[in-house]
Amino acid sequence: EIIKSEDNMNKHELIRIAAKKSGVSQKTAGIVVSSILETILESLRNDEAVSMLNFGKFSIKKYDARNGYNVATKKIMTIPEKKVVRFKIAKGTGLK
């Protein structure tokens, strides 16, 4: 049974639960979890998608610069381009 302190699981709780389920120390689980997260972030920074079978896909969505309207000043302004991380859950998980 997974016991969490809040509605959201934080990194420390993820490490604790992973260590318990895999039978390794929390230190070892912490190294593995941190390495996985760092690798995902590094790939996303390089505009590379990360797909994990039976889990989901992390990808980067690029939004081009565009013109917008500032309601307060009533002037047209340029909204800069940006990149947003997206996650799509895998179909086999039973979640949407």
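Up top you'll find the structure we're talking about.
Model, not experiment: these values are computed from the prediction. (Residues numbered from 1 in each chain as written. Predicted model: local features only at pLDDT ≥ 70, side-chain atom pairs only at ≥ 80, totals over all residues. Heavy atoms only, no water.)

K.L.:
Just to check I follow, could you spell out helix 1 (residues 11–22) for this structure?
P.N.:
Residues spaced three or four apart along an α-helix point in a common direction, a consequence of the helix completing one turn every 3.6 residues. For helix 1, which comprises 12 residues, the first-to-last C-alpha distance of 16 Å matches the rise-based estimate of 16 Å (1.5 Å per residue) to within 8%. Three or more residues of helix 1 are buried, namely E13, I15, I17 and A19. The elements touched by buried residues of helix 1 are helix 2 (26–45). The distance from a side-chain oxygen at the start of helix 1 to the backbone nitrogen of H12 is 3.2 Å, and the residue carrying that oxygen is N10. (Helix = DSSP H or I, 4+ residues; strand = E, 2+ residues; numbered from the N terminus. Expected span 1.5 Å × (residues − 1). Buried < 20%, exposed > 50% of the residue type's maximum accessible area, 1.4 Å probe, protein only. Contact = heavy atoms within 4.5 Å. Polar contact = N/O pair within 3.5 Å; in protein donor to acceptor, adjacent residues only side chain to side chain.)

K.L.:
Sorry, what's going on with the packing of helix 1 against helix 2 here?
P.N.:
Packed helices, taken two at a time, are described by the angle between their axes plus the distance between the axes. Helix 2 packs onto helix 1 with a crossing angle of 120° between their chain directions and a minimal axis gap of 8 Å. Looking at the two axes, helix 1 sits oblique to helix 2. Between helix 1 and helix 2 the crossing geometry is right-handed. Of the residues in helix 2, those touching helix 1 at K11, H12, L14, I15, R16, A18 and A19 are Q26, A29, G30, V33, S34 and L37. Grouping the constituent residues of the contact of helix 1 with helix 2 by class yields 7 nonpolar, 4 polar and 2 charged. (Axes fitted to C-alpha atoms, helices over the stretch in contact; angles between N-to-C directions. Parallel < 35°, antiparallel > 145°, perpendicular 65-115°, else oblique. Left-handed = near helix turned anticlockwise from the far one by under 90°. Nonpolar A, V, L, I, M, F, W, Y, C, P; charged D, E, K, R; others polar.)

K.L.:
What is the right way to read the environment of E48 from this model?
P.N.:
Mapped onto the secondary structure, E48 falls in the loop between helix 2 and strand 1 (50–52). Residue classification places E48 among the partly exposed residues on the basis of a relative accessible area of 41%.

K.L.:
Whenever I open this one, unusual backbone geometry confuses me. Can you help?
P.N.:
Phi is mostly negative for residues that are not glycine, and the peptide bonds are mostly trans. If you check the backbone angles, D47 has positive phi at about 60° while not being a glycine. Tracing the sequence through the fold places D47 in the loop between helix 2 and strand 1. What makes D47 partly exposed here is its relative accessible area of 35%. Backbone geometry places N54, a non-glycine residue, at a positive phi of 60°.

K.L.:
Is there a simple way to think about the pairing of strand 3 (residues 66–70) in this case?
P.N.:
The two faces of the sheet receive side chains in turn, since in a regular strand these alternate between them. Alignment of strand 3 against strand 4 (residues 75–79), held across 5 bridges, turns out to be antiparallel. In the sheet register, Y69 faces strand 4, and the bridge partner there is I76. Two successive antiparallel strands, strand 3 and strand 4, enclose a turn made up of 4 residues, where K74 displays a positive phi of approximately 60°. (Pairing = 2+ DSSP bridges.)

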